[in-house]
Amino acid sequence: MTDLVIGADGLPRCGWGTSTPDYAAYHDTEWGRPLHGDDALYERITLEAFQSGLSWLTILRKRPAFRLAFDDFRIEAVAGYGEADVTRLLADAGIVRNRAKIEAAIANARAALELPEGLSALLWSFAPPPRPARPTSFAQVPALTAESTAMAKALKKRGFRFVGPTTAYALMQATGMVDDHLAGCHVVAAEAA
């Protein structure tokens, strides 16, 4: 895969965003766009955790089932889940059935409820200043940064699970805390705050 690819529609995209229609839609309309709100960011942090060790495409295609299974990722609802819900989720073929990840999603919802500033404010407090220019190749895109390492440490300290520095950086990319669209990509840079 090359770094910047001209799609069938004639638009230049980050190469990964051209491999499937699902990726193209996600690349063009969601990835790298600033996302705020506790429940919205809880969904993303949960999906990033479920993605660990799997293809993001798997998670993207299962997202409607995840939303249904996890009460649209309403933090308050998921925080109230008990063992019967864990059993229900383990039996749901529409999602990734991994006990540790399911239990982490519930624990993370409970931890999010305890944040005085809210999840969105906490996560965005780690957003770095915008780069002076977009990267020109994937080789310039890190897997983790000092900010993602600090975010992961702060989340773990508050009881979150499945939130290492690499997962935190993927979350930062997906939610527009950093803009890792390549120079020349047709997606217009959005304001981060």
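The structure this text deals with has already been given above.
Residues numbered from 1 in each chain as written. Predicted model: local features only at pLDDT ≥ 70, side-chain atom pairs only at ≥ 80, totals over all residues. Heavy atoms only, no water.

A. A look at the overall build of the chain. The number of helices and strands found in the chain is nine helices and two strands. Element order for the chain, N to C, with α for helix and β for strand: β-β-α-α-α-α-α-α-α-α-α. Relative to the 2.2 N^0.38 estimate, which gives 16 Å for 193 residues, the radius of gyration of the chain is 17 Å and therefore close to what a compact globule would have. Considered along the principal axes of its C-alpha atoms, the chain spans approximately 50 × 35 × 25 Å. A total of 193 residues make up the chain; the buried ones form 48% of that total. Residue pairs at least 24 apart in sequence account for 67% of intrachain contacts in the chain once pairs closer than 6 positions are excluded. Total accessible area computed for the chain in this model is approximately 9000 Å², and 57% of it derives from carbon and sulfur atoms. (Helix = DSSP H or I, 4+ residues; strand = E, 2+ residues; numbered from the N terminus. Rg over C-alpha atoms; globule rule 2.2 N^0.38 Å. Buried < 20%, exposed > 50% of the residue type's maximum accessible area, 1.4 Å probe, protein only. Contact = heavy atoms within 4.5 Å. Areas by Shrake-Rupley, 256 points an atom, 1.4 Å probe, with all protein chains shown as cover.)

B. Inspection of the environment of Leu11 at higher detail. Note that Leu11 resides in the loop between strand E1 (4–6) and strand E2 (12–14). A C-alpha to C-alpha distance of 9.2 Å links Leu11 and Val187, two positions 176 residues apart in sequence. Not counting residues up to four positions away in its chain, the partners in contact with Leu11 are Val5, Ile6 and His186.

C. Looking closely at helix H2 (residues 38–51). In this model, H2 (14 residues) spans 20 Å end to end at C-alpha, consistent with the 20 Å of a helix rising 1.5 Å per residue. In terms of burial, H2 is a largely internal element, 10 of the 14 residues being buried. Positive phi appears at Gly53, one or two residues downstream of H2, with a value of about 85 degrees. (Expected span 1.5 Å × (residues − 1).)

D. Geometry of the pattern of salt bridges. One pass over the structure, following the stated rule, counts 12 salt bridges. Residue Arg13 pairs with Asp9 through a salt bridge whose shortest N-O separation is 2.6 Å. For Arg13, a relative accessible area of 6% translates into the label buried. Measuring nitrogen to oxygen at the nearest pair gives 3.3 Å for the salt bridge that ties Asp85 to Arg88. With Asp85 and Arg88 both in helix H5 (residues 83–90), this residue pair falls three residues apart, about one helical turn. (Salt bridge = Lys/Arg side-chain N within 4 Å of Asp/Glu carboxyl O.)

E. Quick peek at the packing of H2 against helix H6 (residues 99–113). Put simply, H2 and H6 touch, their axes get as near as 10 Å, and they point 155 degrees apart. Regarding the angle of H2 to H6, the classification is roughly antiparallel. The handedness of the crossing between H2 and H6 is right-handed. On H6, the residues touching Tyr42, Thr46, Ala49, Phe50 and Gln51 of H2 are Lys101, Ile102, Ala105, Ile106, Asn108 and Ala109. Counted by class, the contact of H2 with H6 contains seven nonpolar, three polar and one charged residues. (Axes fitted to C-alpha atoms, helices over the stretch in contact; angles between N-to-C directions. Parallel < 35°, antiparallel > 145°, perpendicular 65-115°, else oblique. Left-handed = near helix turned anticlockwise from the far one by under 90°. Nonpolar A, V, L, I, M, F, W, Y, C, P; charged D, E, K, R; others polar.)

F. Representation of unusual backbone geometry in the model. In this structure, Asp71 takes a positive phi of about 50 degrees despite not being glycine. Even without being a glycine, Phe162 presents a positive backbone phi close to 55 degrees. Looking at where Phe162 falls in the secondary structure, it is placed in the loop between helix H8 (146–157) and helix H9 (165–174). Looking at Phe162, the relative accessible area reads 33%, which means it is partly exposed.

G. Expanded view of the side chain of Ser137. Mapped onto the fold, Ser137 is located in the loop between helix H7 (119–124) and H8. Classification of Ser137 as buried rests on a relative accessible area of 17%. Not counting residues up to four positions away in its chain, the partners in contact with Ser137 are Asp3 and Leu182.

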